[in-house]
Amino acid sequence: MSEPSIFTRILQGEIPATIVAETDRVFAIEDIAPQAAVHLLVIPKTPYRDVAELAAGDPTLLAEMVAVAHDLAAERADGDFRLLFNTGAGAGQTVFHVHAHLLAGGSLGEKSLVGA
Ligand code: 5GP
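As a convention, each chain's residues are numbered from 1 in the sequence order in which they are written. Local features in a predicted model are, by the rule used here, given only for residues with pLDDT of at least 70; side-chain atom pairs are given and counted only at 80 or more, and totals for whole chains, interfaces and linings are based on all residues. Neither water nor hydrogens contribute to the side-chain values; these are computed over all heavy atoms in the structure.

A.B. asks: A description of the environment of Arg9 should follow, citing residues and the corresponding values.
C.D. replies: Secondary structure elements follow DSSP: runs of H or I no shorter than four residues count as helices, runs of E no shorter than two count as strands, and numbering proceeds from the N terminus. Secondary-structure assignment places Arg9 in helix α1 (residues 6–11). Throughout, a contact is declared for two residues whenever any of their heavy atoms are within 4.5 Å. Residues contacting Arg9, with those up to four places away along its chain left out, are Pro4, Glu14 and Ile15.

In structure tokens, the structure reads:
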């Protein structure tokens, strides 16, 4: 069995992080290296490798992530947001437990392309 991801370890309380939202199947944390005024990571508790695997395996769970992101953008910014999934190392993915970067607040320029 593979090692638990850093996000699973955060969920289990082994690594500290600020959990800002949680449902039965999804949680969200503050990114440790924010790239925008609001930079959160929305993460399914089930560790699919990337968004393509998640969309194929459980599209309802992907939709739940989007709903959580929508609510957080309304709570923490003006409701507008950018949702970004780096998919594959060549695209900047470093943690292979799917997560959406939720970027919001202020003007989101090209700098807010995480991993670019
Ligand atoms: P990726 O590069 O896979 O798209 O995104 C991984 C994200 O996880 C990065 O934005 C990085 O800053 C964040 N990250 C990595 N390790 C930790 C950690 O221990 N705590 C938190 N809160 N974020 C982390």
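A.B. asks: Outline the site of the ligand, listing residues and values.
C.D. replies: Around the ligand, 16 residues are found, and the nearest of them are Glu30, Asp31, Gly92, Thr94 and His101. Nitrogen and oxygen atoms within 3.5 Å of one another constitute a polar contact, given that in protein one can donate a hydrogen and the other can accept it, and given that sequence-neighbouring residues count only through two side-chain atoms. In this structure, Thr94 approaches the ligand through a main-chain N or O atom, which is 2.7 Å from an oxygen atom. Contact between the ligand and His101: an oxygen atom at 2.8 Å from a side-chain N or O atom of the residue. If you tally residues by element for the shell around the ligand, the top one is α1, at three residues. Within the shell around the ligand, the residues separate by chemical class into eight nonpolar, six polar and two charged. Here, proximity means that at least one heavy atom of the residue falls within 4 Å of the molecule or strand. Only Asp, Glu, Lys and Arg are considered charged, only Ala, Val, Leu, Ile, Met, Phe, Trp, Tyr, Cys and Pro nonpolar, and every remaining residue, Gly among them, polar.

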